[in-house]
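As a plain string of letters, each chain reads:
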Amino acid sequence: MDKIKMTTPLVEMDGDEMTRILWKLIKDELLLPFVDLKTEYYDLGLDYRNKTNDQVTFDSAEATKKYGVAVKCATITPNAARMPEYNLKEMWKSPNGTIRAILDGTVFRAPIIVKGIEPYVKNWTKPITIARHAYGDVYKGVEMKIPAAGKTELVYTNEAGEETRELIHEFDGPGIIQGMHNINKSIESFARSCFNFALDTKQDLWFATKDTISKKYDHTFKDIFADIFENEYKEKFDEAGIEYFYTLIDDAVARVMRSEGGYIWACKNYDGDVMSDMVATAFGSLSMMTSVLASPNGYYEYEAAHGTVQRHYYKYLKGEETSTNPIATIFAWTGALRKRGELDNLPELMAFADKLEKACIDTIENGEMTGDLYLISTLENKKKLNTEEFILAIRKTLEGLM
């Protein structure tokens, strides 16, 4: 069989630990035998980020602007324990945070639904997509430990040198402070990405913050969403038969828990970080979650929603058997290939992405799965496979579909 052709490269961002092992297995067994794969490769493994003073992360983001579509492996965001382990020059920032800030997009995460994996919230019968703002807030926060009594202030100095001051707190002893920011342009991009994604997928859009407490910061998010919706999207939403509404974050949580799913829940950066993990786990597994960064400028970066599976990697290094779930990483590849096919008008490439996803789901629903799914699957006839066995089982299913 002739390999499926590509015309424009994907930006390929390799990663760390067990997901880096999965990355190679997926390419070798599920992609290269079927697709004449074209990628522009960037090694975002922590060793190479350290070697390049993290320049490779910035280069990969700029390449995504050039080619429009990227696929990313999970990467380490180093903490203090990683400094001696990797002999780091400094505690490099999250590659995801850097890339998201450069692309100015919104992260959309949705669960992969398969038969036999029942949501812990029994009334959730449809996927819930979390739309996470990808700029600012605590992820660009500036922090300070206050050693003793004293006054802390927010200070804004305009271009003419005039100052505006706001008291934060009069400390009577040691404490801590954090300064957060966001910019209207990024919030506007967030809003438009959410409205566009809702129209593309024909789903209702919910947005939630805590504007009753944060009367300037969170209220600005609420106001920008409302203005853009009324002026640019209301008629389009009415024509599509979908709804946008705003509510407080605590009310949204209650509504979500009582709902059947089937909508997009837009959250600020930290809320989206936490809620996407909650939704993924409640649907069954963090390894069964798609994640795409979509920019209103037309850039797309697909990735797994989980981390580098450090514990399994250490087992792998000892030569011990692992049963690591590769589904989210496979779906990062299929999402990127489908979008590349869509942009380049390559129906065969789009069809391949569909078939690979179906092969993954069919393999699990036929009872062959990794350990994380085996523990929670309600299927009667199920079999736990190790990492490589599972990928080979998917390949066998895929070959049948091809």
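Residues numbered from 1 in each chain as written. Predicted model: local features only at pLDDT ≥ 70, side-chain atom pairs only at ≥ 80, totals over all residues. Heavy atoms only, no water.

A look at the pairing of strand β5 (residues 128–133)
Most of β5 is tucked away: six of the six residues are buried. Side chains I128, I130 and R132 of β5 all project onto a buried face; the interleaved residues T129, A131 and H133 project onto the opposite face, where all are buried too. Direction of pairing for strand β4 (residues 106–111) relative to β5: antiparallel, over a ladder of four bridges. Opposite F108, over in β5, you have A131 as the bridge partner. (Buried < 20%, exposed > 50% of the residue type's maximum accessible area, 1.4 Å probe, protein only. Helix = DSSP H or I, 4+ residues; strand = E, 2+ residues; numbered from the N terminus. Pairing = 2+ DSSP bridges.)

Concerning the UniProt feature "domain: Isopropylmalate dehydrogenase-like" (unreviewed entry) in the chain
As annotated in UniProt, the feature "domain: Isopropylmalate dehydrogenase-like" (unreviewed entry) corresponds to residues 9–394 in the numbering used here. End C-alpha atoms of residues 9–394 are separated by 25 Å, and the span's content is 45% helix alongside 22% strand. (UniProt positions renumbered as here; feature names shortened; annotations may be inferred.)

Description of the nonpolar core
Ranked by internal contacts, the top residues of the largest apolar core, which has 70 residues, are F195 and F237. Broken down by element, this core gets its largest block of residues, eight residues, from helix α6 (residues 184–201). Once residues lying within four places of it in the same chain are set aside, the contact partners of F195 are L205, F225, I228, F229, Y233, F237 and Y244. Counting 20 residues, the second largest nonpolar core, distinct from the first, contains A208, C267, V279 and A282. (Core = buried A, V, L, I, M, F, W, Y, C linked by side-chain atoms within 4.5 Å. Contact = heavy atoms within 4.5 Å.)

As for the side chain of T19
Its place among the elements puts T19 in helix α1 (residues 17–31). Residue classification places T19 among the buried residues on the basis of a relative accessible area of 0%. Excluding residues that lie within four positions of it along the chain, T19 makes contacts with C73, A74, H306, G307, T308 and V309.

Describing helix α11 (residues 327–344)
Along an α-helix, residues three or four positions apart point the same way, because every turn accommodates 3.6 residues. Taking 1.5 Å of rise per residue, 18 residues should cover 26 Å, and α11 covers 25 Å from first to last C-alpha, within 8% of that figure. The element α11 is largely enclosed, with a buried count of 15 among its 18 residues. Phi for N345, located one or two positions after α11, is positive at around 55 degrees. (Expected span 1.5 Å × (residues − 1).)

Overview of the side chain of R49
In this structure, R49 sits in helix α2 (residues 46–51). A polar atom in the side chain of R49 sits 2.6 Å from the backbone oxygen of L44. Each residue touching R49, except ones within four places of it in the same chain, is listed here: D16, L44, D54, V56, T57, T75, I76, P78, W92, K93 and P95. (Polar contact = N/O pair within 3.5 Å; in protein donor to acceptor, adjacent residues only side chain to side chain.)

A closer look at the packing of α11 against helix α12 (residues 347–365)
Where α11 meets α12, the closest approach of the two axes is 7 Å, and the angle between their N-to-C directions is 160 degrees. Compared by their axis directions, α11 and α12 come out roughly antiparallel. Viewed along their axes, α11 and α12 form a crossing whose handedness is left-handed. In this structure, α11 contributes I327, I330, F331, T334, G335, L337, R338, R340, G341 and E342 to the contact, and α12 contributes L349, M350, F352, A353, D354, L356, E357, C360, I361 and I364. Of the residues in the contact of α11 with α12, the class split is twelve nonpolar, three polar and five charged. (Axes fitted to C-alpha atoms, helices over the stretch in contact; angles between N-to-C directions. Parallel < 35°, antiparallel > 145°, perpendicular 65-115°, else oblique. Left-handed = near helix turned anticlockwise from the far one by under 90°. Nonpolar A, V, L, I, M, F, W, Y, C, P; charged D, E, K, R; others polar.)

Focus: the environment of L337
If you trace the backbone, L337 turns up in helix α11. Overall, the relative accessible area of 0% leaves L337 in the buried class. Remark: the alpha-carbon pair of L337 and Y302, spanning 35 residues in sequence, is separated by 9.7 Å. Beyond its immediate chain neighbours, meaning those up to four positions away, L337 contacts M6, L10, L31, L37, L349, F352 and A353.

Regarding the sheet that holds strand β3 (residues 69–72)
Spatial ordering of the open sheet is given by β2-β1-β3-β14-β13-β4-β5-β12-β10-β11, a layout of ten strands whose pairing is mixed. Each edge of the open sheet carries a strand with a single partner, namely β2 (39–43) and β11 (244–248). On average, each strand axis in the sheet is tilted by 20 degrees relative to the strand beside it, whichever way the strands run.

Overview of the packing of helix α3 (residues 55–67) against helix α5 (residues 95–103)
Here α3 crosses α5 at 35 degrees, and the two axes come no closer than 9 Å. When the axes of α3 and α5 are compared, the crossing they make is right-handed. Residues T57, F58, S60, A61, E62, T64 and K65 of α3 form the contact with α5, whose own contacting residues are P95, T98, I99, I102 and L103. Residue composition of the contact of α3 with α5, by class: six nonpolar, four polar and two charged.

Focus on the pairing of strand β1 (residues 10–14)
Burial analysis of β1 places five of its five residues in the buried class, the great majority of the element. Where burial is concerned, the two faces of β1 agree: the one with L10, E12 and D14 and the one with V11 and M13 are both buried. Bridge count for β1 against β2 is five bridges, and the pairing is parallel. Considered in β2, the bridge of L10 is made with T39. Read from β1 through α1 to β2, the crossover connection turns out right-handed. Inspection of the sheet shows β1 paired to β3 by three bridges, in the parallel sense. For E12, the partnering residue across the bridge sits in β3 and is V71. (Right-handed = clockwise from strand over helix to strand, strands pointing away.)

Concerning the environment of K89
Structurally, K89 can be placed in the loop between α4 (82–86) and α5. Separated by 150 residues in the primary sequence, K89 and E239 place their C-alpha atoms 55 Å from one another. In this structure K89 touches N50, K51 and N53, once residues within four positions along its chain are discounted. Among the polar contacts made by the side chain of K89, one reaches the side chain of N53 at a distance of 3.0 Å.

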